Amino acid sequence: MALDAVAISALTGELQCLVGGRIDKIHQPERDEIVIHVRTREDSYRLVLSASPAHPRIHLTSAAKKNPAVAPLFCMLLRKHIGSGKITAIEQTDFERIVKISVESYDELGDLTTKQLIIEIMGRYSNIILVSGDNRIIDSAKHVDESLSSVREILPGGIYEAPPPQAKKSLTDFTAEDKLSFDRPGKADKALIGCIAGISPLTAREIIYSVYGTTDIVAENVNTNRAAGIKLAVLKLAGDVRGGCFTPCMITDKNTGKIIEFSAVDIKQYEDLAEIEYYDSMNELVDAFYMKRDMHERMRQKSADLTKLLNTGIERTAKKIGVLERTLKDAARLDDYKINGDLLTANIYRMEEGMKSIEVENFYDPECRTVKIALDPAMSPSQNAQRYYKKYNKAKTALTEAAKQLEAGRADLLYIESTLTMIENAESVEDINAIRTELIEQGYIQRKINVNKRKKKEQSKPMHFVSSDGFDIYVGRNNTQNDYLTLRYANNSDIWFHTKDIHGSHTVIKLGLDKDVPKTTILEAAQLAAYYSKARESAQVPVDYTEIKNVKKPNGAKPGMVIYDRYNTVYVKPELINKPD
């Protein structure tokens, strides 16, 4: 985890700007996330406390989340106990991933009390705990009883105890007299983590890299001189942390553009494989990192049922298509069945009861070669001839029906795959809900009717971008929006984009009065079409573009399914040109 004790130390130092401020508002947008609005004499801040198992954290944020109409119980309790309270201290506990926020507030009797809001950032054991002045737990975001933990219970009324300390030296307590042990199997960075508390695997690898120029070092191969160099690097890091000297940075993969990690210290170990972006503050860095990562995780959870439904649909539809293709292959022999029936009828006088086969001249063959026809010995000669005619009629019917079902199955598969791509590229919970509504309307999800509550359906709009030349570009968020954008909103002369043979969003340049579109705008629209497609992580993506008048929707086609002609193709790297409206 990049949010190690070093990063917590950097964050805690920056959060001192909140000391002396008053708590203005408290919200709980998620089950395990609290947002506290703090007002100081100089400014106002929004503080995020998250106990998410995947992304626990504490930091200032510029983002505003949608809050539930009715505040959850834990949120109401926090408002009661620390609402309008004054923050008197923010501190990191024993260089652990624990932050204590002390708040002075008046209780219901009018007495001034001090309570502590404790944030434990420990993966799936993360928690937000409100503790009274006598160290009793008032409540917590997650209740932990003996069935969940035999080490430590977190329940209202109990005495708060910090997590058990680690049996290793804290980074900030490490001195020149302390020793590092590399006498163990495994890599050197793992051995370092086993000796020093408070550093992440990323930081440990960076220390090894600063000495060796590589991270792939076996612990047992660390000699005395190298061990001394590693110790000096640890001492330098400890001094920087104690002195509040940090270098907040984001590490991004150069090839894919994906965020790899972030760090409170400078990172060099990735060399030319990654780009390093530096930030002015740790809070700004953590906010930028988790804004994207946490939203992706939240949406993954909210769309898990849809993803499972669509993956199951893809698997079933693919199997159905395979069966139908085999049926068509078998049905292609229908002419052989009719010929066999005709040949048996013409040679019925030569057939006898109990025969298993018969060889006859094939008068349909120009060379009149003989053919061997299998017979059912339990049937009469006439019944054997009729059996082939029945096979012919059955195969003929199957050929017609299977062809229809195969066409429908392939269209169904395309639609399901495209919808799955829309879910993967969704950027908000509203996008997921719109796709869910679309699947209900298409019959993939059973509609739930609530006679007591009839909510007005909010129609989401396509994403809007503005090119560097000032042209409006629109991108559909789902297949229903794709249809609306292409078939209703756009004019015949507007330019339409779509990734070539790849599932993705419809993208349209609205021309207005200016019909002369610069090449830059064409490329930017193509980049957006590629970004909002299944090929988002690719380096070069082919994108077709044409005028809207060349795009048609076949009768009965599912949402988002169109055909087009008279197009051009451009190869681009998937990129956002700016943030969508």
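Residues numbered from 1 in each chain as written. Predicted model: local features only at pLDDT ≥ 70, side-chain atom pairs only at ≥ 80, totals over all residues. Heavy atoms only, no water.

Q: I'd love a proper account of the overall build of the chain, names of residues and values included.
A: Within the chain, the regular secondary structure consists of twelve helices and 24 strands. Relative to the globule expectation of 25 Å for 581 residues, the C-alpha radius of gyration of the chain, 34 Å, shows a markedly less compact shape. Over its C-alpha atoms, taken along the principal directions, the chain stretches across nearly 110 × 65 × 55 Å. Classification of the 581 residues of the chain by burial places 46% in the buried group. Long-range pairs, those at least 24 residues apart, make up 58% of the contacts in the chain between residues at least 6 apart in sequence. The distance from the centre of the 81 positive side-chain charges to the centre of the 82 negative ones in the chain is 5 Å. (Helix = DSSP H or I, 4+ residues; strand = E, 2+ residues; numbered from the N terminus. Rg over C-alpha atoms; globule rule 2.2 N^0.38 Å. Buried < 20%, exposed > 50% of the residue type's maximum accessible area, 1.4 Å probe, protein only. Contact = heavy atoms within 4.5 Å. Lys, Arg positive; Asp, Glu negative; His and termini not counted. Charge placed at Lys NZ, Arg CZ, Asp CG, Glu CD.)

Q: Help me get a handle on the sheet that holds strand β18 (residues 472-475), residues and values and all.
A: Either a parallel or an antiparallel arrangement is found when strands of a sheet pair, and the pairing is made through backbone hydrogen bonds. Strand order in the open sheet formed by six strands is β17-β18-β20-β19-β21-β24, with antiparallel pairing between adjacent strands. At either end of the open sheet lies a strand with only one pairing partner, and these are β17 (463-466) and β24 (568-572). Looking at each pair of strands side by side, their axes are set apart by 25° on average, direction ignored. Pairing analysis gives five bridges linking strand β19 (residues 495-499) to strand β21 (residues 541-547), with the strands arranged antiparallel. Each bridged residue has a counterpart across the sheet, and for Trp496 the counterpart in β21 is Thr546. Against the sheet, helix α11 (residues 479-489) engages β18, β19 and β20 (507-510), with an angle of about 135° to β18. (Pairing = 2+ DSSP bridges. Axes fitted to C-alpha atoms, helices over the stretch in contact; angles between N-to-C directions.)

Q: Hey, could you go over helix α10 (residues 429-441) for me, with residue numbers and the actual values?
A: Between the first and last C-alpha of α10 there are 19 Å, a value that for 13 residues agrees with the 18 Å anticipated at 1.5 Å per step. Residues of α10 that are buried include every one of Asp431, Ile432, Ala434, Ile435, Glu438 and Leu439, and no others. In a view along the axis of α10, the buried residues occupy a sector of 160°, so they form one face of it. Following α10 by one or two positions, Gly443 has its phi on the positive side, about 85°. (Expected span 1.5 Å × (residues − 1). Arc of directions from axis to C-beta.)

Q: Would you mind going over helix α4 (residues 201-212) in detail, with residue names and values included?
A: An ideal rise of 1.5 Å per residue puts 16 Å on twelve residues; α4 measures up with 16 Å between its terminal C-alpha atoms. Listed as buried for α4 are Leu202, Thr203, Ala204, Glu206, Ile207, Ile208 and Tyr209. In the core, the buried residues of α4 are packed alongside α3 (188-195), α5 (224-242), β12 (249-253) and β13 (259-263).

Q: A description of the packing of aromatic side chains should follow, citing residues and the corresponding values.
A: Applying the stated criterion to the full structure yields twelve aromatic pairs. Between Phe363 and Tyr364, the aromatic rings sit 5.0 Å apart at their centres with planes inclined by 40°, giving tilted as the arrangement. With centroids separated by 5.3 Å and ring planes inclined at 20°, the aromatic side chains of Phe497 and Tyr545 adopt a geometry described as stacked. Taken together, the residues Phe497 in strand β19 and Tyr545 in strand β21 connect sequence positions 48 residues apart. Note on Phe497: relative accessible area 0%, which makes it buried. Taken together, Phe262, Phe289 and Tyr290 form an aromatic cluster joined through their ring pairs. Between Arg536 and the ring centre of Tyr531, over which it is positioned, the NZ or CZ distance is 3.8 Å. (Phe/Tyr/Trp six-rings, centres within 6.5 Å; stacked < 30°, edge-to-face > 60°. Lys NZ or Arg CZ within 6 Å of the ring centre and 35° of its normal.)

Q: Give me the lowdown on the pattern of salt bridges, citing residues and values where you can.
A: What the rule picks out here adds up to 25 salt bridges. The closest approach of N and O atoms between Asp305 and Arg436, which form a salt bridge, is 2.7 Å. Of the two residues, Asp305 is situated in helix α7 (residues 304-331) and Arg436 in helix α10; the sequence distance between them amounts to 131 residues. Residue class for Arg436 comes out partly exposed when judged on its relative accessible area of 23%. Three or more residues are tied together by salt bridges with common partners; here these are Glu30, Glu33, Arg57 and Lys65. (Salt bridge = Lys/Arg side-chain N within 4 Å of Asp/Glu carboxyl O.)

Q: Describe the pairing of strand β9 (residues 137-140), with residues and values.
A: Inspection of the sheet shows strand β8 (residues 127-131) paired to β9 by three bridges, in the antiparallel sense. By the bridge assignment for β9, Leu130 is matched with Asp139. The loop that links β8 with its antiparallel partner β9 comprises five residues; one of these, Asn135, has a positive phi angle of about 70°.

Q: Describe the sheet that holds β13, naming the residues involved and giving the relevant values.
A: With antiparallel pairing, three strands are arranged side by side in an open sheet as β13-β12-β14. The open sheet has two free edges, formed respectively by β13 and β14 (274-278), since each of these has just one partner strand. Here the strands of the sheet are splayed against their neighbours by 20° on average, with no regard to which way each runs. Two strands pair when backbone bridges link them, and β12 and β14 are joined in this way by five bridges, in the antiparallel orientation. When the sheet's bridge partners are listed, Ile251 is paired in β14 with Ile276.

Q: Mind laying out the environment of Gln405, listing which residues take part and the relevant values?
A: Structurally, Gln405 is set in helix α9 (residues 381-425). Here Gln405 falls in the partly exposed class, since its relative accessible area comes to 36%. For Gln405, the residues in contact, after removing those within four places along its chain, are Lys320 and Leu324.

Q: So, the side chain of Thr419: which residues are in play, and what are the values?
A: Turning to its location among the elements, Thr419 is positioned in helix α9. Ignoring anything within four residues of it in the chain, the contact list for Thr419 reads Leu310, Ile435, Glu438, Leu439 and Asn479.

Q: Explain a negative patch on the surface to me, and be specific about the residues and the numbers.
A: Taken together, the side chains of Glu275, Glu277, Asp280 and Glu284 define an acidic patch exposed on the protein surface. Counting through the fold element by element, Glu284 comes out in helix α6 (residues 282-302). (Patch = residues over 30% accessible without salt bridge, like charges linked within 9 Å, V, L, I, M, F, W, Y side chains within 5 Å. Areas by Shrake-Rupley, 256 points an atom, 1.4 Å probe, with all protein chains shown as cover.)

Q: How would you summarise the nonpolar core if you had to cite specific residues and measurements?
A: Core analysis: the biggest nonpolar cluster contains 76 residues, and Leu49, Ile58, Ile101, Leu171 and Leu192 have the highest contact counts within it. Among the elements that take part in this core, α5 stands out by supplying seven residues, more than any other. Those residues in contact with Leu192 that lie beyond four places of it in its chain are Leu180, Ile199, Ala204, Ile207, Ile208, Ile230 and Val234. Counting residues in each nonpolar core, the second largest holds 23 residues, with Phe471, Ile473, Ile522 and Val541 among its members. (Core = buried A, V, L, I, M, F, W, Y, C linked by side-chain atoms within 4.5 Å.)

Remember that the coordinates give geometry; whether it matters functionally is a separate question.
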